[in-house]
Amino acid sequence: MRCAFTAGVLDAFAALNYRPFRHYYGVSAGSMVMTSFLSGQRGHFIELSERLVEDGKFISFGSVMSDEGLMNLAHMAKVVHDTSPIDWDAANHFIADKHVFVVATDFHTGKAHYLQPRRDNWIRAVLASSTLPLITRGKVSLDGNWMFDGGYADPIPLSQALKNGCSEVLVVRTRPVTERVERDTLDWLASYLFRDNPKISTLFENWHIRYNALADRLAEGSNEDAQSWSQIAPIHPLRSDGYRITAMDLRADYRHGLEQCMEWMSKHP
């Protein structure tokens, strides 16, 4: 739920009516935050996430062995539909002349899918980008393909944005600029669980190496083709990094996102 920080960043942009971007890329839970931003619903994601962590049905350690897993994405989709609906008309109107992508990982090949959401498949694309083996339902079927969390195939889609011709890129991250990751328990377990599929097993085994290489590249800030990029990131580890989190943790990280966005804006008038 580190994306509470991202929600703070994007809500600060929304409050300032700052939406100059032509291309948008959402990865994992960040794709849901992006959806709220594109629909013009400031405060939507943080209010939704606070409701989810408090209701006892979204994160439940008693459901770890169920089909939905520790984090119940089906419950999240139901809450969005029933009590926190997205303004799909506003979202689709806003992106009519934009390029919007939701990143997901192919369950069989491990390659990235850059999904272009439509009204009829948008929420399913978000679920595909966000579902984690061992943590949630594990995979989602969309357009004839099984997919899971886009953060494994392309956690920071900078290269894809540059490939698509973006000349100035802003990356919103949920880890401090200097933080690098190590192989964690989930990666160890998943690489063993999918040992019969070497492509997926290797994807989990080497994820931390790919992520750290991308983080190093972000520090360069530009390339020889006159394309440049900057980043907004927390200055300390976020409180919502984990599964035992509270609404207070989310709100603290959200406020930090607001602050870091304003800091970035002050340097990029």
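Structure: above.
Before going into details, it helps to say that this report is about the structure given with it.

Criteria and thresholds
Residues numbered from 1 in each chain as written. Predicted model: local features only at pLDDT ≥ 70, side-chain atom pairs only at ≥ 80, totals over all residues. Heavy atoms only, no water. Core = buried A, V, L, I, M, F, W, Y, C linked by side-chain atoms within 4.5 Å. Buried < 20%, exposed > 50% of the residue type's maximum accessible area, 1.4 Å probe, protein only. Helix = DSSP H or I, 4+ residues; strand = E, 2+ residues; numbered from the N terminus. Contact = heavy atoms within 4.5 Å. Arc of directions from axis to C-beta. Salt bridge = Lys/Arg side-chain N within 4 Å of Asp/Glu carboxyl O. Polar contact = N/O pair within 3.5 Å; in protein donor to acceptor, adjacent residues only side chain to side chain.

### What about the nonpolar core?
Counting 80 residues, the largest nonpolar core has Phe13, Leu38, Tyr152 and Val169 as the members making the most contacts within it. In terms of residues, this core owes the most to one element, helix 1 (residues 3-15), which gives eight residues. Look past the residues within four positions of Phe13 in its chain and what remains in contact with it is Tyr18, Phe21, Phe37, Leu170, Ile232, Cys261, Trp264 and Met265.

### Considerations on unusual backbone geometry
In this structure, Asp143 is a non-glycine residue whose phi angle is positive, near 55 degrees. Residue placement: Asp143 occurs in the loop between strand 4 (140-142) and strand 5 (145-149). Of note in the backbone geometry, Ala226 takes a positive phi value of approximately 65 degrees without being a glycine. Summarising the element assignment, Ala226 is placed in the loop between helix 10 (207-218) and strand 7 (228-232).

### Description of helix 9 (residues 198-205)
When we look at burial in helix 9, the residues that qualify are Ile200, Ser201, Leu203 and Phe204. Buried residues of helix 9 fall within an arc of 155 degrees about the axis and therefore sit on the same side. Summarising the geometry of helix 9, the exposed residues directed more than 90 degrees from the buried face are Pro198 and Lys199. In this fold, the buried residues of helix 9 make contact with strand 2 (99-106), strand 5, helix 8 (185-193) and helix 10.

### Description of the pattern of salt bridges
Under the defined criterion, the tally for this structure stands at 12 salt bridges. Between Lys78 and Asp82 there is a salt bridge, with the nearest N and O atoms lying 2.7 Å from each other. On the criterion of helical spacing, the pair formed by Lys78 and Asp82 is a turn pair, its members being four residues apart in helix 4 (residues 73-82). Judged by relative accessible area, Lys78 falls into the exposed class, the value being 52%. Note on Asp82: relative accessible area 44%, which makes it partly exposed. The closest approach of N and O atoms between Glu263 and Lys267, which form a salt bridge, is 3.4 Å. A residue pair is termed a helical-turn pair when its members lie 3 or 4 positions apart in one helix, as Glu263 and Lys267 do in helix 11 (residues 247-267) at four residues. The partly exposed category is assigned to Glu263, whose relative accessible area is 40%.

### A word on the side chain of His75
Along the chain, the position of His75 falls in helix 4. A relative accessible area of 15% places His75 in the buried class. A distance of 2.5 Å separates the side chain of His75 from the side chain of Asp55, its partner in a polar contact. In this structure His75 touches Leu52, Asp55, Lys57 and Phe58, once residues within four positions along its chain are discounted.

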